[in-house]
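# Reading the structure
Single-letter residue listing:
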Amino acid sequence: MNTDKPIIVILGASGLVGQTLISILNQREFPRDELRLCSSPGGDGKQLAIDGKTYSTMPFEESVFDGADIVFFSGPDDLAPQYAPMAINKGAVVIDNSAHFRMKPSVPLIVPEVNAHAISKHSGIIANPNCTTSGLVCALAPIREKLGLEWVSAASYQAISGAGLKQKNDFIAGTKKAIEDNFQNPDPYELPFNLIPAVGSYTGVQNFSEEERLINETRKILEQPTLKIYPTCVRVPVINAHSIAVTFKTSENFKEGELEYILNNADGVRIVDDLTNRRFPTPVSADGIDDVLVGRIRRFEENIGGMWVVADNLRKGAALNSIQIAEILLKHEREKNG
Ligand SMILES: NC(=O)c1ccc[n+]([C@@H]2O[C@H](COP(=O)([O-])OP(=O)(O)OC[C@H]3O[C@@H](n4cnc5c(N)ncnc54)[C@H](OP(=O)(O)O)[C@@H]3O)[C@@H](O)[C@H]2O)c1
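Counting restarts for each chain: residues are numbered from 1 in the order of the written sequence. Per-residue local features are limited, in this predicted model, to residues with pLDDT of at least 70; the limit for side-chain atom pairs, both in listing and counting, is 80 or more; totals at the level of whole chains, interfaces and linings are taken over all residues. Values reported for side chains reflect all heavy atoms of the structure, with hydrogen atoms and water molecules removed beforehand.

### Quick notes on the environment of Thr203
With respect to the helices, strands and loops of the structure, Thr203 is situated in the loop between helix H5 (165-180) and helix H6 (209-222). Buried means the residue's accessible area, taken with a 1.4 Å probe over protein chains only, is under 20% of the maximum for its type, while exposed means over 50%, and partly exposed covers the values in between. Among the residues examined, Thr203 registers a relative accessible area of 36% and is labelled partly exposed. In the structure, Thr203 is positioned 101 residues away from Ile304 in sequence and 30 Å away in space, judged by C-alpha atoms. Contacts of Thr203, omitting those with residues within four sequence positions, involve Phe208, Ser209 and Glu212. The term polar contact refers here to a pair of N or O atoms within 3.5 Å; inside protein, the definition further demands a hydrogen-donor-capable atom paired with an acceptor-capable atom, and it admits residues adjacent in sequence only when both atoms are side-chain atoms. Here the side chain of Thr203 touches Val205 through a polar contact of 3.2 Å, landing on its backbone oxygen. Here a helix means four or more residues in a row that DSSP labels H or I, a strand means two or more in a row labelled E, and each is numbered from the N terminus. Note on definitions: a residue-residue contact is assigned when non-hydrogen atoms from the two residues lie within 4.5 Å.

This is the structure in structure tokens:
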């Protein structure tokens, strides 16, 4: 791997995560020799306007992996098993935003603030968690570290950007139409001016797929396979940034102010909790922010606490987290090569 000037490929560059990847690579001055941007196969590619610059994507074809060092995959979930092996066979490391590889035992699932140590165990693929889990584990890990965790109840309020560009555009159009129609005959199962307690597909047993992911991925990242997690994931009419109302029971009792102390010293977390002045995390305040915002921090009982966690799902939930992984990967490779 060329660690000084890697060749970088983004698959799915024209999507919401892909465009955020381009923006953050530039912001963080991620080193590169070449940036290859792919949209779906066929057609002519696309022109993307990002931070005042125009980028051209090329339709996907396998030769895009020739000589590549790092491939960020941000295409549809079901295509990851087809594309990732092609990239690995040509010598690249894949940082995958899809759900496909996350729970495979041989694939590290990483949130750098929590389990960066697992990156070195990769064999070509490193997975990025789903967009709700990343924010949740950033806030839970430091609490678990100091006090232990017995169970977690998490109710998510997830923005439409978590579902991709088409769904975001459909939601905006549907909202405008609902206003034009003066709210006559709204579809009770569509998102505009509504809440949908079903994110992803129904698993057939109690949960929707997003809830299963929240349970399994949180356990894997926290390395606590039997942690009890009770999730309810809800799509809300918000454009970007996911919020989570979290209640948890710790193994050790904690005092008034102790959760604030712990979270104040946690990597990647920023407390916003000035209730008198009505300052707390909101999706709009978290949009475009790298930190996971935490507020409404409460001690309900001596070992039961609560908090309101909000994170930008396109940044900490996907693109930023992927790039943080890539930065650590390059550092490890440089150390290995002396
Ligand atoms: N959105 C989030 O907050 C979030 C967070 C974490 C993980 N993820 C995961 O990240 C991935 C991308 O999500 P997104 O929200 O960015 O989706 P999106 O906005 O729908 O973008 C999908 C991207 O995939 C490309 N694509 C579609 N079909 C393709 C094909 N056959 N071959 C190659 N590329 C193809 C699209 O290209 P065209 O423009 O040409 O169609 C587009 O660039 C998904 O796996 C998702 O589950 C998303």
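There is more to say, and it comes next.
### Quick notes on the site of the ligand
Residues in contact with the ligand amount to 27 residues; listed here are only the nearest, Ser14, Val17, Ser40, Lys46 and Gly75. Between the ligand and Gly15, the relevant distance is 3.0 Å, taken from an oxygen atom to a main-chain nitrogen or oxygen of the residue. Here Ser161 contributes a backbone N or O atom positioned 3.0 Å from a nitrogen atom of the ligand. Taking 910 Å² as the accessible area of the ligand by itself, protein coverage stands at 81%. Within the residue set of the shell around the ligand, elements represented by two or more residues are helix H1 (16-27) and helix H9 (315-336). Looking at the shell around the ligand residue by residue, the class counts come to 11 nonpolar, 14 polar and two charged. Throughout the structure description, domain borders are defined by an automatic or database domain assignment. Inspection of the shell around the ligand shows a minimum of three residues originating in each of domain 1 (7-128 + 317-336) and domain 2 (133-313). We call a residue near a molecule or strand when any one of its heavy atoms sits within 4 Å of it. Using a 1.4 Å probe, the Shrake-Rupley method yields the accessible areas, and only the shown protein chains count as cover for residues. Following the grouping adopted for this structure description, the nonpolar residues are Ala, Val, Leu, Ile, Met, Phe, Trp, Tyr, Cys and Pro, the charged ones are Asp, Glu, Lys and Arg, and the polar ones are all others, Gly among them.

### Details of the nonpolar core
In terms of nonpolar packing, the biggest core is built from 57 residues, with Phe65, Ile143, Val246, Val294 and Met307 touching the most fellow members. The biggest single contributor to this core is helix H4 (residues 131-147), with eight residues. Taken domain by domain, this core gets at least three of its residues from each of domain 1 (7-128 + 317-336) and domain 2 (133-313). For Phe65, the contacting residues outside a window of four places in its chain are Val9, Leu11, Arg36, Phe60, Val71, Tyr83, Met86, Ala87 and Lys90. Within the second largest apolar cluster, 31 residues are counted, among which are Phe30, Leu37, Ile50 and Phe72. For this analysis, a nonpolar core means a set of buried residues of the types Ala, Val, Leu, Ile, Met, Phe, Trp, Tyr and Cys, connected via side-chain atoms within 4.5 Å.

### Here we look at the pairing of strand S2 (residues 34-39)
Note: strand S1 (residues 7-11) against S2, five bridges, orientation parallel. Looking at the pairing, Leu11 lines up with Cys38 of S2. The definition of a right-handed crossover adopted here requires that, viewed with the strands pointing away, the path from the first strand over the helix to the second runs clockwise. Between S1 and its parallel partner S2, the chain crosses via H1, and the hand of that crossover is right-handed. The pairing criterion for strands is at least two bridges between them, as found by DSSP. Relative to strand S5 (residues 58-59), S2 is paired through two bridges, and the arrangement is parallel. Opposite Ser39, over in S5, you have Pro59 as the bridge partner.

### Thoughts on a nonpolar patch on the surface
What goes into a patch is any residue over 30% in relative accessible area without a salt bridge, connected to like charges within 9 Å or, for nonpolar side chains (Val, Leu, Ile, Met, Phe, Trp, Tyr), within 5 Å. Should a side-chain nitrogen of Lys or Arg be within 4 Å of a carboxyl oxygen of Asp or Glu, the pair is scored as a salt bridge. Where nonpolar side chains cluster on the molecular surface, the patch consists of Ile179, Phe183 and Phe193 and spans about 320 Å² of accessible area. What makes Phe183 partly exposed here is its relative accessible area of 44%.

### Notes on H5
In this model H5 runs 23 Å from its N-terminal to its C-terminal C-alpha over 16 residues, within 8% of the 22 Å that 1.5 Å per residue would give. Of the residues making up H5, those classed as buried are Phe171, Thr175 and Ala178. Down the axis of H5, the sector holding all buried residues measures 65 degrees, keeping them to one side. Turned more than 90 degrees off the buried face of H5, the exposed positions are Lys166, Lys176 and Glu180. Residue Asn182 follows H5 closely and has a positive phi angle near 55 degrees. Here a helix's expected span is defined as the number of its residues, less one, multiplied by 1.5 Å. In this description, one arc is meant: the one made by directions from the helix axis to the C-beta atoms.

### Details of the sheet that holds strand S13 (residues 292-301)
Strand order in the open sheet made by the six strands is S10-S9-S11-S14-S13-S12, with mixed pairing throughout. Strands with a single pairing partner mark the edges of an open sheet, and in this sheet they are strand S10 (228-235) and strand S12 (269-271). Strand-to-strand twist in this sheet, taken as the mean axis angle between neighbours without regard to direction, amounts to 25 degrees. Sheet topology places strand S9 (residues 149-158) next to S10; eight bridges connect them, and they run parallel. Within the sheet, the bridge partner assigned to Val152 lies in S10 and is Ile229. In this description, a line fitted to the C-alpha atoms serves as the axis of each element, helices being fitted only across the stretch in contact, and the angle between N-to-C directions of two axes falls anywhere from 0 to 180 degrees. Against the sheet, H6 engages S9 and S10, with an angle of about 135 degrees to S10.

### Brief notes about the packing of aromatic side chains
In summary, the pairing rule links any two rings of Phe, Tyr or Trp, Trp by its six-membered ring, whose centres are within 6.5 Å, and it sorts them by plane angle into stacked for under 30 degrees, edge-to-face for over 60 and tilted for everything else. What the rule picks out here adds up to seven aromatic pairs. Measuring from ring centre to ring centre gives 6.4 Å for Trp151 and Tyr230, while their planes differ by 50 degrees; the resulting arrangement is tilted. Of the two residues, Trp151 is situated in strand S9 and Tyr230 in strand S10; the sequence distance between them amounts to 79 residues. A relative accessible area of 24% places Trp151 in the partly exposed class. Following the ring pairs from residue to residue traces out a cluster consisting of Phe60, Phe65, Phe73 and Tyr83.

### Comments concerning the domain arrangement of the protein chain
What the domain assignment reports for the protein chain is domain 1 (7-128 + 317-336) and domain 2 (133-313). For domain 1 and domain 2, the distance between their C-alpha centroids amounts to 25 Å. Contact residues are listed per partner, giving 19 residues for domain 1 and 20 residues for domain 2. What gets called buried area is simply the loss in accessible area from a 1.4 Å probe that two parts show on being joined, summed for both. Summing the contributions of domain 1 and of domain 2, the shared interface buries around 1600 Å²; its carbon and sulfur component is 63%. Between domain 1 and domain 2 we count two salt bridges in total. Note that Arg102 and Glu217 form a salt bridge whose closest N and O atoms lie 3.0 Å from each other. Connecting domain 1 to domain 2 are eight residue pairs in polar contact (both at pLDDT 80 or more). Residue assignment for the side of domain 1 that touches domain 2 shows that the elements contributing at least two residues are helix H3 (112-115) and H9. Taken together, the residues of the side of domain 1 that touches domain 2 sort by class into 10 nonpolar, four polar and five charged.

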